[in-house]
Amino acid sequence: MKAVSTDRSPATPSGPATLPGSAAAGADRSRLRDLSGRTDVEDLVRGFYRAAFADPLIGPVFTDVARMDLEAHMPVMCDFWESVLFRAGKYHGNALQPHLALNRSVALEQQHFARWLGIWHATVDSLFLGEKAELAKTQAVRIGGSLLRRLHDGDASEYVTVRRRENG
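From a predicted model like this one, the values you see are computed outputs, not experimental measurements.

1. Some details on the environment of His 92
Within the secondary structure, His 92 sits in the loop between helix 3 (70-86) and helix 4 (96-105). Once the C-alpha coordinates of His 92 and Val 76 are considered, the two residues, 16 residues apart in sequence, prove to be 9.4 Å apart. At 2.9 Å, the side chain of His 92 forms a polar contact with the backbone oxygen of Gly 89.

2. Thoughts on the nonpolar core
If you look at soluble globular proteins, the nonpolar side chains tend to sit buried side by side. If you look at the biggest cluster of nonpolar residues, it comprises 39 residues, and the most contacted ones within it are Val 45, Phe 48, Tyr 49, Trp 81 and Trp 120. Elements represented by at least two residues in this core include exactly helix 1 (38-54), helix 2 (59-65), helix 3, helix 4, helix 5 (110-127) and helix 6 (131-151). Apart from the residues within four sequence positions on either side, Phe 48 is in contact with Phe 62, Trp 116, Ile 119, Trp 120 and Thr 123.

3. Overview of the confidence of the model for the protein
Per-residue pLDDT for the protein averages 82, and the proportion of residues at 70 or more is 76%. Averaged pLDDT values for the elements of the protein fall to 87 in helix 4 and rise to 97 in helix 1. Confidence drops under a pLDDT of 50 for residues 1-16, and excluding neighbours within four residues, the segment shows 36 contacts in the predicted structure. A low-confidence stretch, residues 20-25 (pLDDT under 50), is modelled with ten contacts involving residues beyond four sequence positions or located in other chains.

4. Considerations on helix 5
Given 3.6 residues to a turn, an α-helix orients residues that are three or four positions apart in the same direction. Between its first and last C-alpha, helix 5 extends 26 Å over 18 residues, near the 26 Å set by a 1.5 Å rise per residue. Counting buried residues in helix 5 gives 16 out of 18 residues, a clear majority hidden from the surface.

5. Considerations on the packing of aromatic side chains
Between two aromatic rings, the relevant description is the distance of the centres plus the angle of the planes. For the structure shown, the criterion picks out ten aromatic pairs. Consider the rings of Trp 81 and Trp 120, whose centres lie 4.4 Å apart with planes at 25 degrees: the pair is stacked. Here Trp 81 is found in helix 3, whereas its partner Trp 120 is found in helix 5, with 39 residues between them in sequence. With a relative accessible area of 1%, Trp 120 lands in the buried category. Three or more aromatic residues joined by ring pairs make a cluster, and in this case those are Phe 48, Tyr 49, Phe 53, Phe 62, Phe 80, Trp 81, Tyr 91, Trp 116 and Trp 120.

6. A short note on the pattern of salt bridges
A side chain with one charge may pair with a side chain of the opposite charge, provided their charged atoms come close. Tallied over the entire structure, the rule returns ten salt bridges. Residues Arg 33 and Asp 40 are paired through a salt bridge, measuring 2.8 Å at the closest nitrogen-oxygen approach. A relative accessible area of 45% means that Arg 33 is categorised as partly exposed. Its relative accessible area of 4% is what places Asp 40 among the buried residues.

7. Some details on the environment of Gly 144
Looking at where Gly 144 falls in the secondary structure, it is placed in helix 6. Assessed through its relative accessible area of 6%, Gly 144 is described here as buried. Those residues in contact with Gly 144 that sit more than four places away from it in its chain are Phe 113 and Trp 116.

8. Focus: helix 4
Every buried residue belonging to helix 4 is among Leu 96, Leu 102 and Asn 103, and all of these are buried. On an axial view of helix 4, the arc spanned by its buried residues comes to 125 degrees, and they lie on one face. Looking at the buried side of helix 4, the elements it contacts are helix 2 and helix 6.

Analysis parameters
- The numbers attached to residues start from 1 for each chain and follow its sequence in the written order.
- The model is predicted, so local features are restricted to residues of pLDDT at least 70 and side-chain atom pairs to those at 80 or more, both for listing and for counting; the totals for chains, interfaces and linings are taken over all residues.
- As a convention, hydrogens and water are excluded, and side-chain values are obtained from all of the structure's heavy atoms.
- Put simply, DSSP marks the helices as runs of H or I at least four residues long and the strands as runs of E at least two long, and each gets a number from the N terminus on.
- Polar contact is defined as a pair of N or O atoms within 3.5 Å, subject to the rule that within protein one atom must be able to donate a hydrogen and the other to accept it, and that residues adjacent in sequence are counted only when both atoms are side-chain atoms.
- Nonpolar core, defined: a set of buried Ala, Val, Leu, Ile, Met, Phe, Trp, Tyr and Cys residues in which side-chain atoms within 4.5 Å join the residues together.
- Exposure is judged per residue with a 1.4 Å probe applied to protein chains only, and the accessible area is read against the type maximum: over 50% gives exposed, under 20% gives buried, and values in between give partly exposed.
- A contact between two residues is defined here by any heavy atoms of the two lying within 4.5 Å.
- A residue's pLDDT is the predictor's confidence in that residue, given on a scale from 0 to 100.
- In this scheme, a helix's expected span is set at 1.5 Å multiplied by one less than its residue total.
- In summary, the pairing rule links any two rings of Phe, Tyr or Trp, Trp by its six-membered ring, whose centres are within 6.5 Å, and it sorts them by plane angle into stacked for under 30 degrees, edge-to-face for over 60 and tilted for everything else.
- Salt bridges are identified by distance alone: a Lys or Arg side-chain nitrogen within 4 Å of an Asp or Glu carboxyl oxygen.
- Each C-beta atom gives one direction from the helix axis, and the arc is the one those directions make.

Dropping the structure here:
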């Protein structure tokens, strides 16, 4: 597998990456509003990728390994997040499949997902404030955790099924 980076300092939801203009950078959040539709989703996704591409840990995964064409990928990601946040029903793909293919080229580990999540949270917080903004962060935690578990041969759910012991 291709090595991506040796940086082992992941951002986490409790300590996200700091983006210019974000709450962590001391911005006045009182002027922020909630996400309200496709245009806001596009702003969020574009802002996230701008920061993610520049990140020393996950940037090379997007640019060097996946060789992601952002303009071609934007409609797919916007459909995905618009469906997650607004139940738009526009995304009909399988989010796991491209991550499985990418994981065959570079091991996607907890630190990659933690950094992705930290950048996502920081981007949301720098642009939006409200119920949908919180939903964007909550759903990212769920989606990222599910993908990470599935990539490592686990169950998509973070919950363990308790089964009754057979008598006999």
